[in-house]
Amino acid sequence: MQLHPMLRLSAICLSLALFVPVSASCGGDSGSGGSTGGSTAGSGGGGTGGAAGGTTGGTGGSSSVCQDVCPAVVAAACPNGPPDVAGCETGCAAVMSACGAELNALLDCGGANPTFVCDADGTPYPTGCQAENAALNACTSGTPALCVAICPSVVAAACPSGPPDESACEAGCASGKMKCPTEFTALEQCAPDAPTAACDPGGSPYVEGCQTETLALLGCLAM
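Here the structure is a predicted model, which means the values were calculated and not measured.

J.: Looking at this structure, how should I read the state of the cysteines?
T.: What is meant by a disulfide is a covalent connection between two cysteines, made through their sulfur atoms. With the rule as written, the count across this model stands at ten disulfides. The partner cysteine of cysteine 70 in its disulfide is cysteine 88, sulfur to sulfur 2.1 Å. Judged by the sign of its S-S torsion, about -80°, the cystine formed by cysteine 70 and cysteine 88 is left-handed. On the criterion of sequence distance, the pair formed by cysteine 70 in helix H2 (residues 64-75) and cysteine 88 in helix H3 (residues 85-110) is long-range, its members being 18 residues apart. Cysteine 88 sits in the buried class, given a relative accessible area of 0%. Between the sulfur of cysteine 190 and that of cysteine 210 lies a disulfide, 2.0 Å long from S to S. Every disulfide takes its handedness from the sign of the S-S torsion; for cysteine 190 and cysteine 210 that torsion is -100°, giving left-handed. Of this pair, cysteine 190 sits in helix H7 (residues 181-190) while cysteine 210 sits in the loop between strand S4 (205-207) and helix H8 (211-222), and the two are 20 residues apart along the sequence. Since its relative accessible area comes to 26%, cysteine 190 is described here as partly exposed.

J.: Even after reading the chapter, I still don't get the nonpolar core, so can you show me in this structure?
T.: Across soluble globular proteins, nonpolar side chains have a tendency to be buried as a group. Counting residues in hydrophobic clusters, the biggest one holds 17 residues, and the most contacted among them are Leu146, Ile150, Phe184, Leu187 and Leu217. Of all the secondary-structure elements, those providing two or more residues to this core are helix H5 (145-156), helix H6 (166-179), H7 and H8. Broken down by element, the residue count for this core peaks at five residues, all from H5. Counting residues in each nonpolar core, the second largest holds 16 residues, with Cys70, Cys99, Leu107 and Leu136 among its members.

Rules behind the numbers
- Residues numbered from 1 in each chain as written.
- Predicted model: local features only at pLDDT ≥ 70, side-chain atom pairs only at ≥ 80, totals over all residues.
- Heavy atoms only, no water.
- Disulfide = S-S within 2.5 Å.
- Helix = DSSP H or I, 4+ residues; strand = E, 2+ residues; numbered from the N terminus.
- Buried < 20%, exposed > 50% of the residue type's maximum accessible area, 1.4 Å probe, protein only.
- Core = buried A, V, L, I, M, F, W, Y, C linked by side-chain atoms within 4.5 Å.

See below:
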């Protein structure tokens, strides 16, 4: 049994890498304010002003909150983070427009002077804010927050019957929400904010502390 089906998630325009420039993830002009999956606001207007806690200002439509936080984001030097402050502000504004509540919750968690670290994918997030980071990634990708939270550790466990990578893991996990809602909810309620995974004797991965719930979901997906 594996935590993924044959189908894989298609590429998304808003990158899971927090604050990656829109041009890097979409191939568009980061200064033009074009649409990102139909949700990114125009760069010259107040498209980010409706985001929770966002204050429109600065250049290129970036909010002041993006200007405040981006130096710390860039300083983390994560492999999949933004290359510079200007690119960070562009990507941050796009994420703020699409997932303002989740982004503000993440930044609130980080506090007034956040320190950013790199997650398992090499993307920056405020230290100590794994749950908020998973929620933001879930919003930008359309993948349930549970799947974003558990898949790095599931893949890292390298179980013989586990998924080959996080994309496949997230795709299978997400399908579980539709196909196996009872089992999915049970695992969702059991999983901790910073889950770890291990392999059962049969080589299937499970969330530690939630083995019964994980294997129930795997069993349902395999039917």
